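Understanding the architecture of this molecule
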Number of protein chains: 2
Amino acid sequence: MAESFGVRLQERIRALGPLCVGVDPSPAVLGAWDRPDSVEGLEFLSLAVLEASVGHAAAIKPQVAYFERFGSAGYRVLERLIADARDADVLVIADAKRGDIGATNEAYAAAWLDESSPLCSDAVTVSPFTGVGALTPFFARLSAGRGVFVLAATSNEEGRVLQRARSDDDEAVEDVILRSLAEINRREEGLGGLGAVLGATRERPRFDLASLAGPYLVPGVGAQGASPEDVGRLFQRCPPGTVLVNVSRAILNVGPERSALRDAVRTWRDNLAIFL
Amino acid sequence: MAESFGVRLQERIRALGPLCVGVDPSPAVLGAWDRPDSVEGLEFLSLAVLEASVGHAAAIKPQVAYFERFGSAGYRVLERLIADARDADVLVIADAKRGDIGATNEAYAAAWLDESSPLCSDAVTVSPFTGVGALTPFFARLSAGRGVFVLAATSNEEGRVLQRARSDDDEAVEDVILRSLAEINRREEGLGGLGAVLGATRERPRFDLASLAGPYLVPGVGAQGASPEDVGRLFQRCPPGTVLVNVSRAILNVGPERSALRDAVRTWRDNLAIFL
């Protein structure tokens, strides 16, 4: 059996701190960098952010949507970013939020987690609208050392109606999801590659966050309003090395100068390291 | 303002019937067709299904996951399929089930609905886990004649815990979603390009389906177990031309012979036309 994603991630966080750098080549950031909103701009930004992250961030998180805007040509850039990150020994979490049913999820899992795919990443984010049980094809890749982060509570206000709706057992949807993930992690003892996405701007779920037995991917810090202190409070009882904090815009906004990007990555790493 | 997707779809359904043919180049189907599970197999199947659908189906629905398995090379095939379908005057619904928050949804909407993108389709399926309100960037494309189908109730059993959870106002999540879509359709009077995905195998929601003022995309018929009669009962009071029924495996399984595929498309069109 391959080394689990959970173990690999813990080792990185222990060595480098809990920072994940978001690779978001949006029109806004490319404009601020005075670069064209094109495949060339995409590639320039992606490789600059990777370079600034090597040795200072546990992982990078390319936001797939920004690459998909350019169709196959955008995906070629994403494939190169993933390959380069692998060469540089940086973990890649593909922020794809994929999710469907049955055989379709098998295809998405193959796309993002199988070695045979040019998009193969260390982990992928997935959406549980069709039910946690429908995501089984993704979970089947845990034993191959891949990671899966399931959306539980997103950082935006509009998500609350659905994510805090109550099940027949009077449990909030977000708690149902977290509890289901914890049960799967318990069945696959020691694997710990199954994680949750939990926005730092959200109130604490009823679920005891320390009992997930897997990692958290935490957006919402920096430009979205949450502070490192908010993260520290939310996850205070979680084991070391299980909370990965994503920062995108607050780092990207200082580019395109390589030295400025690298300084921002280091500063965020240091800001976060005191809590986790 | 461009002609609305709702109007265009109604015209197609009136002329050709309510059949949408799923383009699902899965390993299973390619194997049954004695074709390689490769980019070449993908292209062969896609173009064969498109050819069989021209003049007999209102739309085709490529399942994006099967193309994404091959990364940028798979997306090149999808781009060709979309372009060929456009040339053949067949509506394309990209079954992508994308969904995120804020600026990321703006990027996904650009990827699937903007003329500048090589993946530009007539409509796209989206997932509301982050809340219907977060999907606004997709809805902003309705006035450009694009369609959006939001997942409301999926055809799989595992989806029910979440989709039938109750909001603070004691309304099921699926009903909250459908009601929100109807409200947006009412604001954009006569546009009718905002639709819902509702599995044919699901029990009837409390929401009055006839009041959506937009189209339904209905999976679950054929291999997934629902019959045309089930569809007829579920949507019996909906206006003509607003129910689009997807059939994938029950058609694909007769391939790869072109004439057999075409016969299957015609048979399903006729099966469905008596109800809708």
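Since the model is a prediction, treat every value here as computed from it, not as a measurement.

Moving on, we come to the pairing of strand β6 (residues 194-198) of chain B. Residues and elements named next belong to chain B. With respect to burial, β6 is a largely interior element, five of its five residues being buried. Burial of β6 is two-sided: the residues Leu194, Ala196 and Leu198 facing one way and the residues Gly195 and Val197 facing the other way are all buried. The pairing of strand β5 (residues 147-153) with β6 spans five bridges and is parallel. Pairing of Leu151 across the sheet is with Val197, part of β6. Relative to strand β7 (residues 216-218), β6 is paired through two bridges, and the arrangement is parallel. Residue pairing for β7: Ala196 is matched across the bridge by Tyr216.

Let us now look at the interface of chain B and chain A. As a measure of interface size, the accessible area lost when the parts come together is often cited. With 53 residues of chain B at the interface, the matching set in chain A holds 53 residues. Contact between chain B and chain A buries roughly 3900 Å² in total, counting both sides, with carbon and sulfur atoms accounting for 61%. At the boundary of chain B and chain A, one finds four salt bridges. Where chain B meets chain A, there are 22 residue pairs in polar contact (both at pLDDT 80 or more). When residues in the side of chain B that touches chain A are grouped by element, the largest group, seven residues, is from helix α6 (residues 102-113) of chain B. When the residues that make up the side of chain B that touches chain A are grouped by side-chain class, the tally is 26 nonpolar, 17 polar and 10 charged.

A separate point is the relation of the copies chain B and chain A. Each of the two copies of the chain can be brought onto the other by a rotation about an axis and a shift along it. Note on the copies: chain B fits chain A at an RMSD of 0.0 Å, the axial shift is 0.0 Å, and the rotation between them is 180°. The operation mapping one copy onto its partner corresponds to a two-fold rotation axis. Residue by residue, 100% of the interface of chain B is reproduced at the interface of chain A, so both copies engage with the same surface.

This part is about the packing of aromatic side chains. Both the distance between ring centres and the angle between the ring planes are used here to describe each pair of aromatic rings. Throughout the structure, instances matching the rule amount to nine aromatic pairs over all chains. Between the aromatic rings of Tyr75(A) and Tyr75(B), the centroid separation amounts to 4.3 Å while the plane-to-plane angle is 15°, which identifies the pairing as stacked. With Tyr75(A) in helix α5 (residues 71-87) and Tyr75(B) in helix α5 (residues 71-87), this residue pair bridges two chains. For the pair Tyr216(A) and Phe235(A), a centre-to-centre distance of 5.0 Å together with 50° between the ring planes defines the contact as tilted. Placement of the pair is Tyr216(A) in strand β7 (residues 216-218) and Phe235(A) in the loop between α10 (228-234) and β8 (243-247), with a sequence separation of 19 residues. The exposure classification of Tyr216(A) matches that of Phe235(A), with both residues buried. What links up through ring pairs into an aromatic cluster is the set Tyr75(A), Trp112(A), Tyr75(B) and Trp112(B). The ring of Phe44(A) is capped by Arg35(A), whose NZ or CZ atom sits 3.7 Å from the centre of that ring. Here the guanidinium or amino end of Arg258(B) rests over the ring plane of Phe44(B), the centre of that ring lying 5.5 Å away.

About the thresholds
- Residues numbered from 1 in each chain as written.
- Chains lettered and ligands numbered in written order.
- Predicted model: local features only at pLDDT ≥ 70, side-chain atom pairs only at ≥ 80, totals over all residues.
- Heavy atoms only, no water.
- Buried < 20%, exposed > 50% of the residue type's maximum accessible area, 1.4 Å probe, protein only.
- Helix = DSSP H or I, 4+ residues; strand = E, 2+ residues; numbered from the N terminus.
- Pairing = 2+ DSSP bridges.
- Contact = heavy atoms within 4.5 Å.
- Buried area = accessible area lost by both parts, 1.4 Å probe.
- Salt bridge = Lys/Arg side-chain N within 4 Å of Asp/Glu carboxyl O.
- Polar contact = N/O pair within 3.5 Å; in protein donor to acceptor, adjacent residues only side chain to side chain.
- Nonpolar A, V, L, I, M, F, W, Y, C, P; charged D, E, K, R; others polar.
- Least-squares fit on C-alpha atoms with pLDDT ≥ 70 in both.
- Phe/Tyr/Trp six-rings, centres within 6.5 Å; stacked < 30°, edge-to-face > 60°.
- Lys NZ or Arg CZ within 6 Å of the ring centre and 35° of its normal.

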